[in-house]
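So you can see what is in the structure, the chains are spelled out below.
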Amino acid sequence: MFGPVLKGEGVTLRPPDETDPERFVVWLADTEVTRYLLRPFAVAIEQEREWFKSTGESKTTVYWIVEAEGRAIGSTGIHDIDWLNANATTGTVIGDRSAWGKGYGSKTMRLRTAYAFEQLNLHKLSSSAFMENEHSKRALQKAGYRETGVEREHLWRDGRWHDHWRCEILRSDWQRSAGRVP
Ligand SMILES: CC(C)(COP(=O)(O)OP(=O)(O)OC[C@H]1O[C@@H](n2cnc3c(N)ncnc32)[C@H](O)[C@@H]1OP(=O)(O)O)[C@@H](O)C(=O)NCCC(=O)NCCS
């Protein structure tokens, strides 16, 4: 599924359109962007069009394009939704490197979190990062996620093993941080 338009301060989430797959062909060929992604592979345009189509049809994913400064800068999603247990995993890629470090990642995560709890009635969101990905860990923590543990030597990259940092946000954490609990 694709998510609806969500407008935040300086950042908008919107459903993908036919111009988006080609952006990802460029971004996912940039090793600076994919350095800490779990699947660090480039894609061909046909594969990417097919990926968008199957993502739109998925019943366990809600996916958006992230816009800031008047253009598409990346994407975010709620994945692997377990509708019975009301939990899911989340991920974000800001593919336009000139948009890094301007607060768009953490604002995107906050918009997505509010949607997950208020509109989808989920209970918990989990995420993770390479232990060295301080930028991603910081953005997740700013958005309210808390560390839940570290899987040691869990990911292989650049000729060595890396620890895998895991985090989550419960609906109650979000309600407290968003001032929704009296
Ligand atoms: C990780 C990512 C989503 C963060 O988005 P962003 O918009 O660049 O992040 P923000 O601007 O919201 O920054 C969040 C925090 O990280 C800090 N930060 C920025 N660059 C940093 C760096 N190189 N190292 C450590 N912290 C950094 C920011 O200062 C900010 O913290 P602060 O407000 O306390 O100063 C984005 O950079 C990205 O998509 N990178 C490539 C793909 C990736 O790694 N995705 C995550 C996979 S788990």
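Residues numbered from 1 in each chain as written. Predicted model: local features only at pLDDT ≥ 70, side-chain atom pairs only at ≥ 80, totals over all residues.

Our focus in this paragraph is the overall build of the chain. Within the chain one finds six helices and eight strands. Along the chain, helices and strands appear, N-terminal first, in the series β-β-α-α-α-β-β-β-α-β-α-β-β-α. Computed over C-alpha atoms, the radius of gyration of the chain comes to 16 Å, within 12% of the 16 Å expected from 2.2 N^0.38 for 182 residues, which places it in the range of a compact globule. Principal-axis analysis of the C-alpha atoms gives the chain an extent of 50 × 40 × 35 Å. (Helix = DSSP H or I, 4+ residues; strand = E, 2+ residues; numbered from the N terminus. Rg over C-alpha atoms; globule rule 2.2 N^0.38 Å.)

What follows is about the environment of Ile73. In this structure, Ile73 sits in strand E4 (residues 71-82). Here the alpha-carbon distance between Ile73 and Tyr104, two residues 31 residues apart in the chain, equals 9.1 Å. Excluding residues within four positions of it along the chain, Ile73 makes contact with Val66, Glu67, Ala68, Ile94, Gly95, Asp96, Ala99 and Tyr104. (Contact = placed C-beta atoms within 7 Å.)

With that settled, the discussion passes to the environment of Gly95. Mapped onto the elements, Gly95 comes out in the loop between strand E5 (87-94) and helix H4 (104-118). With 67 residues separating them along the chain, Gly95 and Leu28 place their C-alpha atoms 7.5 Å apart. If near-sequence neighbours (up to four positions away) are discounted, Gly95 is found in contact with Arg23, Phe24, Trp27, Val33, Ile73 and Gly74.

To continue, consider the site of the ligand. Taken together, the neighbourhood of the ligand is formed by 22 residues, with Ile94, Gly105, Ser106, Glu134 and Arg138 sitting nearest. Among the elements of the structure, E5, H4 and helix H5 (134-142) are those that each provide at least two residues to the shell around the ligand. Broken down by element, the residue count for the shell around the ligand peaks at six residues, all from H5. Among the residues forming the shell around the ligand, the class breakdown is nine nonpolar, nine polar and four charged. (Near = placed C-beta within 6 Å. Nonpolar A, V, L, I, M, F, W, Y, C, P; charged D, E, K, R; others polar.)

Attention now moves to the nonpolar core. One finds Val66, Ile73, Tyr104 and Leu140 to be the most contacted residues of the largest nonpolar core, which totals 35 residues. Within the residue set of this core, elements represented by two or more residues are helix H1 (20-27), strand E3 (62-68), E4, E5, H4, strand E6 (124-130), H5 and strand E8 (160-170). Ranked by residues supplied to this core, first place goes to E3 with six residues. Once you skip the residues sitting within four places of it in the chain, Leu140 turns out to touch Met109, Ser127, Ala129, Tyr145 and Cys167. (Core = buried A, V, L, I, M, F, W, Y, C linked by C-beta atoms within 7 Å. Buried ≥ 20, exposed ≤ 12 C-beta atoms within 10 Å, placed from the backbone.)

Although it is not a glycine, Asn121 adopts a positive phi angle of roughly 60°. On the secondary structure map, Asn121 appears in the loop between H4 and E6. Asn121 sits in the exposed class, given 10 other C-beta atoms within 10 Å. With a phi close to 55°, Asp158 is a non-glycine residue in the positive phi region.

Take the packing of H1 against helix H3 (residues 45-57) next. Viewed as axis vectors pointing N to C, H1 and H3 meet at an angle of 125°, and their least axial separation amounts to 9 Å. Classified by the interaxial angle, the pair formed by H1 and H3 is oblique. H1 and H3 meet at a crossing whose hand is right-handed. Only Ile45, Glu48, Arg49 and Phe52 of H3 make contact with H1, whose side of the interface consists of Asp20, Pro21, Glu22, Phe24 and Val25. (Axes fitted to C-alpha atoms, helices over the stretch in contact; angles between N-to-C directions. Parallel < 35°, antiparallel > 145°, perpendicular 65-115°, else oblique. Left-handed = near helix turned anticlockwise from the far one by under 90°.)

Okay, the environment of Glu118 next. Tracing the chain through its elements places Glu118 in helix H4. C-alpha separation for the pair Glu118 and Gly101, spaced 17 residues apart in sequence, amounts to 27 Å.

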